[in-house]
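# Results of the structural survey
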Amino acid sequence: MGHRVIGVDINPDKVEMLESGRSPIIEARMNELVTEGNRACRLHATTNSVSAVLESDVSFVCVGTPSLRNGKLDLSHIDKVAREIGAALSQKKSRHTFVLRSTVLPGTTESIVLPVLEQASGRRAGTDFTVAYNPEFMREGSAVGDFLQPPYTILGAHDASHLDPLRELYKNTPGRVFETSIAVAEMVKYLSNAYHAVKVTFANEVGTLCKHLNVDAQAVTEIFTSDTRLNVSPAYLSPGFAFGGSCLPKDVRALTYKAKELDLKLPMLESLLPSNVEHVERAVEAVMRSNKRKIAQLGLSFKAGTDDLRESPQVQLVKRLLGEGYEVKVWDQDVSLGRLAGSNRRYIEEVIPHIGSLLSADLAEVLKWSEVVIIGNKSVKKDELSRYLRQDQIVIDLVNLDRKSRPIGGSSYEGICW
């Protein structure tokens, strides 16, 4: 891209290779780029980190963060480099930008790296130097292509003005650029890797089940991934409440039961329902932390716009709260005991037989009576809810209303997992 780059490493063999125009690693297109950078005198390498910092404007820190035996991250390499760069900054007159690229847990950059830099340099972050987090999303084997054509570029900083050097560096890079906080940038990297692990495990478990059922796994996958509305899309990837309804719970149970019949261990599929139950428990715990006793449950069906109460986690939540001795009143514009029929009515009569005494069609009356308001689905309107909320009430949102739809009023607002 025309920049002058100084590579720093403690391994003299790697440094010597880069200095002579050879790539120290096997990676597609790397040799030609290293050779080109060397011939143009834009790529150099050294073991002297102090001189590299003094001769540059931005330091990208890309050292390893391996696992310790207990699973904790080993941050010793980052600590060492931060101290070296800090020592160099103590000698530098011009402003410098420290950019961490290594994968670290949220909070690491600001709570660990930044203090080390300040201590080693005797300078103040934000005044004498700036710190940013810029995670990488490059796969081994296609790192060059992934760098030149990234899915997005994420720039995290405490202050937007600290990102000016990075904006300049990435100004010609394709794809969307997100400017955010350091903690969000750190977490996105972990979210991405965890989701990749989930997808690999899910595909392998489904493939295993297909094989033992004599089903063509490749054909199943081809058809499944062709649905970009639900299957390969942002759908169902926003934090919210537990899943329910007449399909997902019973179908997951059927798959895991069949796996047991086949003597297959599929831990990920087997963990889905227990994880779902734990999410309901988190809602119960949120209510218990409030130290209030009168609870309004707004929304009883598992999805707004329906009266389907079968395996609704909202119903399970009401049942748990009643079991803990809370007083509960329920409002749902789509659910009326008089209109319920068939399996829907039978389900309620079996799970919460006294549901009729809890249901109310009067939203204002339910809200006036309550101390805690649980938003169970998206059926209630923001304006209507805000009109009746009091300052002494606690609002617990289970469905992740978008910020514009969240109620105005209430002494506090809490999302179940946001």
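What you see is a predicted model; the values in this text were computed from it and never measured.

## A word on the packing of aromatic side chains
With the rule as written, the count across this model stands at 2 aromatic pairs. Pairing Tyr152 with Phe178 gives two aromatic rings, centres 5.9 Å apart and planes at 90 degrees, and the pair type is edge-to-face. With Tyr152 in strand E6 (residues 152-157) and Phe178 in strand E7 (residues 176-180), this residue pair connects regions lying 26 residues apart in the sequence. A relative accessible area of 25% places Tyr152 in the partly exposed class.

## Considerations on a nonpolar patch on the surface
Residues Tyr195, Val198, Phe202, Phe224 and Leu237 make up a contiguous nonpolar surface patch of roughly 410 Å² in combined accessible area. Looking at the nonpolar patch, the element that brings in the most residues is helix H8 (residues 182-212), giving 3 residues. Along the chain, the position of Phe224 falls in helix H9 (residues 217-225). Judged by relative accessible area, which is 37%, Phe224 ranks as partly exposed.

## Things to note about the pairing of strand E11 (residues 394-397)
On E11, burial covers both faces: Ile394 and Ile396 on one face and Val395 and Asp397 on the other are all buried. Where strand E10 (residues 372-375) and E11 come together, 4 bridges link them in parallel fashion. Looking at the pairing, Ile375 lines up with Asp397 of E11. With respect to chirality, the unit in which E10 leads through helix H15 (residues 382-388) into the neighbouring parallel E11 is right-handed. Direction of pairing for E11 relative to strand E12 (residues 412-415): parallel, over a ladder of 4 bridges. Within the sheet, the bridge partner assigned to Ile394 lies in E12 and is Ser412.

## A closer look at the pattern of salt bridges
Pairing between side chains becomes possible if they bear opposite charge and their charged atoms approach one another. Counted under the stated rule, the structure contains 18 salt bridges. Note that Glu168 is salt-bridged to Lys171, the shortest N-O span being 2.8 Å. Of the residues examined, Lys171 reaches a relative accessible area of 54% and is grouped as exposed. When the shortest N-O distance is used, the salt bridge between Glu261 and Lys258 registers 3.3 Å. Here the residue Glu261 and the residue Lys258 both occupy positions in helix H10 (residues 248-261), the gap between them amounting to 3 residues, near one helical turn. Shared partners join several salt bridges into a network, and the residues in it are Asp164, Arg167 and Glu179.

## Section: the packing of H10 against helix H11 (residues 267-290)
Taken N-terminus to C-terminus, the directions of H10 and H11 make an angle of 145 degrees; their axes are 9 Å apart at the nearest point. Read as a crossing pair, H10 and H11 show a hand that is left-handed. Contacts between H10 and H11 involve Pro249, Val252, Arg253 and Thr256 from the former and Leu269, Glu270, Leu272 and Leu273 from the latter.

Reading guide: rules and limits
- Residues numbered from 1 in each chain as written.
- Predicted model: local features only at pLDDT ≥ 70, side-chain atom pairs only at ≥ 80, totals over all residues.
- Heavy atoms only, no water.
- Phe/Tyr/Trp six-rings, centres within 6.5 Å; stacked < 30°, edge-to-face > 60°.
- Helix = DSSP H or I, 4+ residues; strand = E, 2+ residues; numbered from the N terminus.
- Buried < 20%, exposed > 50% of the residue type's maximum accessible area, 1.4 Å probe, protein only.
- Patch = residues over 30% accessible without salt bridge, like charges linked within 9 Å, V, L, I, M, F, W, Y side chains within 5 Å.
- Areas by Shrake-Rupley, 256 points an atom, 1.4 Å probe, with all protein chains shown as cover.
- Salt bridge = Lys/Arg side-chain N within 4 Å of Asp/Glu carboxyl O.
- Pairing = 2+ DSSP bridges.
- Right-handed = clockwise from strand over helix to strand, strands pointing away.
- Axes fitted to C-alpha atoms, helices over the stretch in contact; angles between N-to-C directions.
- Left-handed = near helix turned anticlockwise from the far one by under 90°.
- Contact = heavy atoms within 4.5 Å.

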